[in-house]
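# Notes for the structure review
The residues making up each chain are set out below.
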Amino acid sequence: MWLFLGWYAALLSLGSPVLIAYGVLASTDAPMVAFTTASLLALCWSPQITVRQVIIAGFLLGCAYLFRFQSIILFPVTILWLVLQPPPDLTTHFSRLRYGARLINPGVFLFAFVLASAPQWILDIRDVGYPFFNTQYTNIWLFAYGRTEPLPVGSNLEQIWFIVNHDPAILWQHWMQNVFQFSTDVIHRLFIWPISLLALCGVMLAVVQNADKRYGLMLVWMGIYVAAVALTANKERFFMPIIPIMIVCMLSFLSQMYYRFQKAGIWAGRFASVILIVLKVWIILHLALAEAELAGYGTMNW
């Protein structure tokens, strides 16, 4: 059953033209999505998280940072989530650490992330004098205010503070408009119809029936990432890291609906099976839509 669900999740991913298009394009988007998804998978592998999972997750998120700086958005929320989780079991050799046990997983995650991202932040120290240097915040200056002139000379924090203080009302309005646009428009363009509708239903179901804390982490990742990206621009490829989360939620929704139809009787079960087959065929028939996503990069020969 798990193997079938895995293959069906892979098939549902083909219903995202954005994911297919940038999966075949030699860019930093696809590796970043792959590593962030693998990091989340490591954290959600089992209900009771282990130190080994935390190490793997931190290392993979650090690898994602090497490709795109935006992956660091997911770092602080993961640290906070790990602090709130039950601490790992400590043997008698580490009994002195029992009072700070909750900080073990966050500390291990931090160490693994810093280790994996070392090639980049070491170069940052060499070039600018401090680690984790980036100027992605200038996109807020461009998209929120429509300004193209250089920012005043200063450190990263000084420039960020200048952007936030430039016109908070306009920044707030731009942010809210992008969040609203994402929920009513962009989220439906990440997938073909009706896959987009199923994905939205899956996310809503995960919010309502959030019994598993792992779904809670996925939803928090999704919410924080969308909120951060909405400060800049609602380009579909910017939201690629949340597509795997939406696929998991969609698969959970489809699984629950399928089992309910199965319990309703043999004909209802057969009807549900036919719907799933039709969905497969519909996705395959729309694979070529990914070409439109790459129109600006030249013609693709499929």
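The structure under discussion appears in the preceding block.
Residues numbered from 1 in each chain as written. Predicted model: local features only at pLDDT ≥ 70, side-chain atom pairs only at ≥ 80, totals over all residues. Heavy atoms only, no water.

## Structural notes on the environment of Gln173
- Structurally, the position occupied by Gln173 is in helix 10 (residues 168–189).
- Judged by relative accessible area, Gln173 falls into the partly exposed class, the value being 46%.
- A sequence separation of 58 residues divides Gln173 from Leu231, and the C-alpha atoms of the two residues are 9.9 Å apart. (Helix = DSSP H or I, 4+ residues; strand = E, 2+ residues; numbered from the N terminus. Buried < 20%, exposed > 50% of the residue type's maximum accessible area, 1.4 Å probe, protein only.)

## Digging into a nonpolar patch on the surface
- A contiguous nonpolar patch, built from Met257, Phe261, Phe271 and Ile275 and spanning about 340 Å² of accessible area, is present on the exposed surface.
- Considering the arrangement of structural elements, one finds Phe261 in helix 13 (residues 243–264). (Patch = residues over 30% accessible without salt bridge, like charges linked within 9 Å, V, L, I, M, F, W, Y side chains within 5 Å. Areas by Shrake-Rupley, 256 points an atom, 1.4 Å probe, with all protein chains shown as cover. Salt bridge = Lys/Arg side-chain N within 4 Å of Asp/Glu carboxyl O.)

## Section: the nonpolar core
- By size, the foremost hydrophobic cluster in this structure holds 66 residues, and its most contacted members are Leu12, Phe191, Phe239, Ile242, Met246 and Met250.
- When residues in this core are grouped by element, the largest group, nine residues, is from helix 13.
- Residues contacting Met250, with those up to four places away along its chain left out, are Leu12, Phe191, Ile195, Leu198, Ala199 and Gly202. (Core = buried A, V, L, I, M, F, W, Y, C linked by side-chain atoms within 4.5 Å. Contact = heavy atoms within 4.5 Å.)

## With respect to the layout of surface pockets
- In this structure, the second largest pocket occupies an estimated 680 Å³ of space.
- Around the second largest pocket sit 27 residues that line it, and Phe69, Gln70, Ile73, Gln136 and Tyr137 are the ones nearest its centre.
- Residue composition of the lining of the second largest pocket, grouped by class: 18 nonpolar, six polar and three charged. (1 Å grid on protein atoms, 1.4 Å probe; cavity = no way out; pocket = protein on both sides within 12 Å on 5 of 7 lines; lining within 4 Å. Points joined across faces, edges and corners; volume = space filled by probe spheres on them. Nonpolar A, V, L, I, M, F, W, Y, C, P; charged D, E, K, R; others polar.)

## Examining helix 10
- The first and last C-alpha atoms of helix 10 sit 29 Å apart over 22 residues, in line with the 32 Å expected at 1.5 Å per residue.
- At Phe182, helix 10 is bent by approximately 55°, the largest bend along its length.
- Buried within helix 10 we find Leu171, His174, Asn178, Phe182, Val186 and Ile187.
- Looking at the buried residues of helix 10, the elements they touch are helix 8 (138–143), helix 9 (156–166), helix 11 (195–208), helix 12 (213–229) and helix 13. (Expected span 1.5 Å × (residues − 1). Bend = angle between axes of the 7 residues up to and from the residue.)

## Examining unusual backbone geometry
- With omega at 5°, the peptide bond leading from Trp193 into Pro194 counts as cis.
- Mapped onto the elements of the fold, Pro194 is located in the loop between helix 10 and helix 11.
- The residue Phe132 is not glycine, and still its phi comes out positive at about 55°.
- Locating Phe132 in the fold gives a position in the loop between helix 7 (118–128) and helix 8.
- Owing to a relative accessible area of 26%, Phe132 belongs among the partly exposed residues under this scheme.

Note that every value here comes from positions in space, so none of it alone points to a role or purpose.
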